[in-house]
Amino acid sequence: MTPTLVIDQVHASVDGQEILKGISLEIRPGEMHAIMGRNGSGKSTLAHVLAGNPHYEITSGSIRYRGKPLEHLTPEERAQAGIFLSFQYPVVIPGVNNAYFLRTALNAVRKARGESEIDAVEFLQLAREKMGRLEMDKSYLNRAVNEGFSGGEKKRNEILQLLLLEPAFAILDETDSGLDIDALRIISAGVNSLRDSRRSFLVITHYQRLLNYMQPDVIHVMIDGKIVKTGGKELALTLEEQGYSWLETS
Amino acid sequence: MAGNLLTPKAVAERVRSLPDLANRVPVPDLLDRIQRQGLPTLRQEEWRHNRRVFFRPEDLACPPPPPPDLPLRLPFRHDDWITYPILNGYPLSPASPEITFQTPPAESGAARDGYHTLNRLFTPGDHVLRFSPRSPISKVYVPLLNGHWEQLTCPAVDIRLEEGATVDLFLHHLPGRDGVSLRNTAVSIHLGRGARLRLFTLDETAPDDQHLTTIHIVQEGDSHLGWVLEQLTGGRSRWDLSHRLQGEGAELELDGLGLLSGSGEGDLHSVITHHSPHTTSRETVKNILPERSHGIFNGKVIVDPGAVKTDARQSNRNLLLSADARMHSNPQLEIYADDVRCSHGSATGQLDPDQLFYLRSRGLTPDESRSLLLTGFARDILDRLPWEEVRSYSESTLHAWMTDLP
Ligand SMILES: Nc1ncnc2c1ncn2[C@@H]1O[C@H](COP(=O)(O)OP(=O)(O)O)[C@@H](O)[C@H]1O
Ligand SMILES: [Mg+2]
C-alpha cells in the first residue's frame, strides 16, 4: 500500500535560517506517529512545512503525500487533498462567525471530494453532534473564530474542525498543551474515534502524558531540527525517566 | 492647469455668465463671502493630502428643474421607508407636513467654508425635513441623484428633530450612471432635547465622480445620534463634518467604513466639539484600500473649557491591500477641560499572513480567504446598522465591491 507520507531528507528554513536539518519519516495508512522534543526543536516548523505555510521554505529534500509530490501544492490544495493541521496557536479571526467559517471550510473540502454542499441547517445539526462529543457549548458557533476563546477552547475548536473535516492525514501540533486532564480525555476520545485502517496521524507533543490517551505506533524524538531517535511506546517511557539529554550526546 | 483652478475670482467670473442666479440668491453677498473665506488649495493643511481640490470653474452651472415624470431607478426600496428623491438638487415628490422644499434657500449666516458658500450660491433650494414626536412618518430614504446633468449640483438638506422626536434616515448619494456626478452637498442636522436620530449615509462614487459633503450637526441635551457613514468610492468622496455636542447628556456614535477601489479617494474630515459637560462621542472609522486608492482620515476632538466628564473615544483602522494604496490618518485631541476621558488610536496595516494561512489551511482559496477577512474587518461597522433591510442592502454592496477587487 502507498504510504500516506514520505519525508525524505527535508531541510527547511525561515527567514533564511535553517530550522529543519534533514528530516526523514514515513507514515503508512492507519498509523499514528508521535514527535516529541523540547521547545524550539523544530516540531511546529515541520507541521507548517507539511501544511504549506508560505513563510517556510524547503531548501532541499522531498515530501510525497499518497505517492505524489507535495511541495508544489498550495495550502488549500493540501487541505482539499485531506491534510489537516491542528494549530499549536490557533489564529483569531475577528468579525468572522465561527459557524460560517466552519461550514465554508467543510464545503471547501466536500467540494474537492466531489460531495454536495452542505446547507446551513444540515451543518448546524452536524456541528451540534460533534460539539456534543467534545462537550463544547453551542455558543461557540455564534462567536467570531477563536476570538475571546481560552487556550483550551481554541484547541477544542481545532478538534471540532478535525471531526467535521475528517481528513485523511491529521497533524496535531501540541493539541494537548494547556488542557486539563478532563479536556485531554475528551479531546483524545474525539481523535481516537477517527482512527481506522486508512487515516494517518502525526501527533506533536512535548508531554509524555498525551500518550496515556492516544496510542501512537511509532515515536520519534526531534532535537535541533533532526530526528535523533525512533522507537515504540517504550521510548516515551525512557524519555519520561531520563529526559532528552542522553540523546543529545549521541 | 492654473487657469482651471476654482478660486473666488474664477467663481465670480463664472457667475457673471449665469444671470439666472441673481433671481434666486443675493449673489453679491455670497460672492463677498467666498472672497473672504477663500476656496481651498492643496497648500492648506486640511487639503494637503488630497490629490486635487474639488470642481473646476466650468463645472459651475444652474441645473434646470427635472421633468415631472422622469423614470427613476432606485437601488433601495422597502415598504417601511418613505422615499424622497432629490434630483439635481430639486425635489421630485410633493411637499408633506414633514418635508418641504424652500426657495429661496436660507442664506445661512454660519460661515463654514468656501465650498459651503458655493452650495448656498448654486443650490436651487433647501429640503427641510422637520420632525416632531407626533410626526406620522419615522423612516425616510433620501436618494440623491443626477439626471442628464454632468455639471455641478448643489443639493441642500436641512434636518430638524424637535424635542423628543425619533427618526430613522437613510441618505444615499448615488453615483453617476449615465454621466459623471459632481455634487457639492450641504447637510445640516439639529437634534433637539432628547431627540434620537438613527442615520445611515451611503456615498457611492464612480471613477470620475466628485462628491463633497459638508455636514454640520448640533445636538442638544440628552439627544442621541447613531450614525453609520459608508463611502463606497471609486471616484472621490470627501465628508467635512463639524459636530457640536452642546447639551448635557448628548451622545454621538459614529461608525465609518470606506470601501475604495481603483484610484478612488475617500476622505473624512471630522471635528467633534464637546461643548457641554457629560457629553459622549465614539467615532470608529475603518477603510479598506486596494489598488491605487487613497484614504484620508482627519479626526479632531475638541473638549471645550467646562465640558467636564466628557467621554470621547476615537479609533481609525485601515487595511492596505496593495503597495500602491495610501492612507493618511491624523487623529487629534484638543482638551481644554479637566476630568475628561479621551482616547484615540490609529493603525494601518495589511491583511495578516497568519490569518490568511489559517483559512487556506482549511481549504479556502486565497480569494475566499481574503473575502472572509475583509467581511470580518467591515463586520462591526455594518452590524451597527439597526435595520435588517438596510444591513442586507449594504452587505450586498460590500459583496459586489469585493467581487470587483483585482
Ligand atoms: N515564523 C518564524 N519566524 C522566525 N523564526 C521561527 C519561526 N517559526 C519558528 N522559528 C524558529 O524556529 C525554531 C523552531 O521553532 P518551532 O518549530 O516552533 O519549534 P517547536 O515547535 O519544536 O517548539 C525556533 O528557534 C524558532 O525561534
Ligand atoms: Mg511548537
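Here, the structure is the one placed above.
Undergrad: Just checking my understanding: could you explain the overall build of chain A for this structure?
TA: Helix and strand content of chain A: 8 helices and 12 strands. Here chain A has a C-alpha radius of gyration of 18 Å; the compact-globule value for 250 residues is 18 Å, and the two agree. In terms of overall dimensions, chain A has a C-alpha envelope of 55 × 40 × 35 Å along the principal axes. Counting all 250 residues of chain A, 54% fall into the buried class. Contacts spanning at least 24 positions in sequence make up 69% of the contacts within chain A whose residues lie at least 6 apart.

Undergrad: In this structure, what is going on with the overall build of chain B? I would like to understand it.
TA: On a plain count of helices and strands, chain B comes out with 6 helices and 21 strands. Taking 2.2 N^0.38 as the reference for a compact globule, 406 residues should give roughly 22 Å; the C-alpha atoms of chain B span a radius of gyration of 21 Å, in line with that estimate. Its C-alpha atoms give chain B principal-axis dimensions of roughly 70 × 45 × 45 Å. Within chain B, residue pairs in contact and separated by at least 24 positions form 85% of the contacts whose partners lie at least 6 positions apart. When the accessible surface of chain B is totalled, it reaches about 16,100 Å², and 48% of it is carbon and sulfur. When the 42 positive and 53 negative side-chain charges of chain B are each reduced to one mean point, those points stand 2 Å apart.

Undergrad: What's the story with the coordination of the magnesium ion (ligand 2) in this structure? I'm lost.
TA: By definition of the ideal shapes, four donors in a tetrahedron about a metal sit 109.5 degrees apart, and six donors in an octahedron sit 90 or 180 degrees apart. Residue and element names in this part refer to chain A. The protein atoms that coordinate the magnesium ion (ligand 2) are Ser44 (OG) and Gln88 (OE1), at distances of 2.0 to 2.1 Å. Here Ser44 is found in helix α1 (residues 43–51), whereas its partner Gln88 is found in the loop between β6 (83–86) and β7 (93–97), with 44 residues between them in sequence. Assessed through its relative accessible area of 24%, Ser44 is described here as partly exposed. Gln88 gets classed as buried once you look at its relative accessible area, which sits at 13%.

Undergrad: What is the right way to look at the interface of chain B and chain A in this model?
TA: By convention, interface size is frequently given as the accessible area that disappears when the constituent parts associate. With 17 residues of chain B in contact, the opposing surface of chain A contributes 32 residues. Interface area, chain B with chain A, both sides summed: about 1,800 Å², of which 69% is carbon and sulfur. For the chain B face of the interface with chain A, the top three residues by lost area are Phe357, Tyr358 and Arg362 of chain B, together amounting to 43%. We note a salt bridge from Arg362 of chain B to Glu158 of chain A, for which the minimum N-O separation is 2.7 Å. Taken together, chain B and chain A are joined by 9 residue pairs in polar contact (both at pLDDT 80 or more). Contributions of two or more residues to the side of chain B that touches chain A are made by α4 (353–360) and α5 (366–382) of chain B.

Undergrad: It is not clear to me how the environment of Leu237 of chain A should be interpreted in this structure. Could you clarify?
TA: With respect to the element layout, Leu237 of chain A can be found in helix α7 (residues 233–242). Placed 26 residues apart in sequence, Leu237 of chain A and Leu211 of chain A show a C-alpha to C-alpha distance of 9.6 Å.

Undergrad: It is not clear to me how the sheet that holds strand β12 (residues 226–231) of chain A should be interpreted in this structure. Could you clarify?
TA: Working definition: the strands of a sheet are paired by backbone hydrogen bonds and lie parallel or antiparallel to each other. Residue and element names in this part refer to chain A. Judged by pairing direction, the sheet is mixed, and its 6 strands sit side by side in the order β6-β9-β10-β3-β11-β12 without closing on themselves. If you trace the sheet from one side to the other, it starts and ends with β6 and β12, each paired once. Across the sheet, the axes of successive neighbouring strands diverge by a mean angle of 20°, strand direction being ignored. Examined bridge by bridge, strand β9 (residues 169–173) and strand β10 (residues 200–205) share 5 bridges and lie parallel to one another. Residue Ala170 lies in a different strand from β10, and its bridge partner there is Phe201. With respect to the sheet, α7 is in contact with β3 (32–36), β11 (218–223) and β12, its orientation differing from that of β11 by roughly 40°.

Undergrad: Can you walk me through a positive patch on the surface in this structure?
TA: Residues and elements named next belong to chain B. Taken together, Arg51, Arg52, Arg292 and Arg326 make up a surface patch of like positive charges. Mapped onto the elements of the fold, Arg292 is located in the loop between β17 (280–289) and β18 (294–303). Judged by relative accessible area, which is 42%, Arg292 ranks as partly exposed.

Undergrad: Before we go on, may I ask you to explain helix α6 (residues 181–193) of chain A in this structure?
TA: Owing to its 3.6 residues per turn, the α-helix brings residues three or four apart onto one side. Residue and element names in this part refer to chain A. An ideal rise of 1.5 Å per residue puts 18 Å on 13 residues; α6 measures up with 18 Å between its terminal C-alpha atoms. In this fold, the buried residues of α6 make contact with β3, α4 (120–133), α5 (151–165), β9 and β10. The backbone nitrogen of Asp182 has a side-chain oxygen 3.2 Å away, supplied by the residue at the start of α6, namely Asp180.

Undergrad: Sorry, what's going on with the pattern of salt bridges here?
TA: Side chains that carry opposite charge are capable of pairing whenever their charged atoms lie near each other. This model, assessed by the stated rule, comprises 37 salt bridges over all chains. As a salt-bridge pair, Arg110 of chain A and Glu115 of chain A come within 3.7 Å of each other at their nearest N and O atoms. For Glu115 of chain A, a relative accessible area of 34% gives the class partly exposed. Here Glu253 of chain B and Arg282 of chain B are joined by a salt bridge, their closest N and O atoms 3.1 Å apart. Within this pair, whereas Glu253 of chain B is found in strand β15 (residues 251–260), its partner Arg282 of chain B is found in strand β17, the two being separated by 29 residues in sequence. Through salt bridges with shared partners, a single network forms among Glu253, Asp255, Arg282 and Arg384 of chain B.

Undergrad: Would you explain the site of ligand 1 in this entry?
TA: All names here are of chain A. Neighbouring residues of ligand 1: 13 residues in total, closest Ile19, Gly40, Lys43, Ser44 and Thr45. Backbone polar atom of Gly40 to an oxygen atom of ligand 1: 2.7 Å apart, as the coordinates give it. Contacts to ligand 1 include Gly42, whose backbone N or O atom sits 3.0 Å from an oxygen atom. For ligand 1, the accessible surface in isolation is 550 Å², of which the surrounding protein chains cover 65%.

Undergrad: Teacher, can you tell me more about the packing of helix α3 (residues 98–112) of chain A against α4 of chain A here?
TA: Helix packing geometry: the angle between the two helix axes and the distance between the axes. All names here are of chain A. Axis separation between α3 and α4 bottoms out at 11 Å; the angle between their running directions is 100°. Viewed along their axes, α3 and α4 adopt a mutual orientation that is roughly perpendicular. Between α3, through Ala99, Leu102, Arg103 and Leu106, and α4, the contact on the second element is made entirely by Ala120, Phe123 and Leu126.

Undergrad: Would you take a moment to explain the pairing of strand β6 (residues 139–145) of chain B for this structure?
TA: Residues and elements named next belong to chain B. Most of β6 sits inside the fold, with 7 of its 7 residues counted as buried. The alternating pattern of β6 places Lys139, Tyr141, Pro143 and Leu145 on one face and Val140, Val142 and Leu144 on the opposite face, and all of these are buried. Alignment of strand β1 (residues 82–83) against β6, held across 2 bridges, turns out to be parallel. Bridge assignment links Thr83 to a residue of β6, and that residue is Tyr141. Pairing analysis gives 2 bridges linking strand β2 (residues 86–87) to β6, with the strands arranged parallel. Paired with Leu87 across the bridge in β6 is Leu145. Across 6 bridges, the pairing between β6 and strand β9 (residues 166–173) is parallel. Within the sheet, the bridge partner assigned to Tyr141 lies in β9 and is Phe170.

Undergrad: What is the right way to read unusual backbone geometry from this model?
TA: Excluding glycine, residues mostly have negative phi values, and the peptide bonds linking residues are mostly trans. Cis peptide bonds are those with omega within 30 degrees of zero, and the linkage from Thr103 of chain B to Pro104 of chain B qualifies with -10°. Following the sequence through the fold, Pro104 of chain B ends up in the loop between β4 (99–102) and α3 (114–122). Even without being glycine, Arg66 of chain A reaches a positive phi, approximately 45°. Counting through the fold element by element, Arg66 of chain A comes out in the loop between β4 (56–65) and β5 (68–69). Owing to a relative accessible area of 45%, Arg66 of chain A belongs among the partly exposed residues under this scheme. In this structure, His148 of chain B takes a positive phi of about 45° despite not being glycine. Looking at the element boundaries, His148 of chain B is found in the loop between β6 and β7 (152–153).

Basis of the calculations
- Residues numbered from 1 in each chain as written.
- Chains lettered and ligands numbered in written order.
- Predicted model: local features only at pLDDT ≥ 70, side-chain atom pairs only at ≥ 80, totals over all residues.
- Heavy atoms only, no water.
- Helix = DSSP H or I, 4+ residues; strand = E, 2+ residues; numbered from the N terminus.
- Rg over C-alpha atoms; globule rule 2.2 N^0.38 Å.
- Buried < 20%, exposed > 50% of the residue type's maximum accessible area, 1.4 Å probe, protein only.
- Contact = heavy atoms within 4.5 Å.
- Areas by Shrake-Rupley, 256 points an atom, 1.4 Å probe, with all protein chains shown as cover.
- Lys, Arg positive; Asp, Glu negative; His and termini not counted.
- Charge placed at Lys NZ, Arg CZ, Asp CG, Glu CD.
- Donors = N, O, S within 2.8 Å, 3.2 Å for Na, K, Ca; no water.
- Buried area = accessible area lost by both parts, 1.4 Å probe.
- Salt bridge = Lys/Arg side-chain N within 4 Å of Asp/Glu carboxyl O.
- Polar contact = N/O pair within 3.5 Å; in protein donor to acceptor, adjacent residues only side chain to side chain.
- Pairing = 2+ DSSP bridges.
- Axes fitted to C-alpha atoms, helices over the stretch in contact; angles between N-to-C directions.
- Patch = residues over 30% accessible without salt bridge, like charges linked within 9 Å, V, L, I, M, F, W, Y side chains within 5 Å.
- Expected span 1.5 Å × (residues − 1).
- Near = heavy atom within 4 Å.
- Parallel < 35°, antiparallel > 145°, perpendicular 65-115°, else oblique.

Bear in mind that shape data such as this cannot, by itself, settle questions of function.
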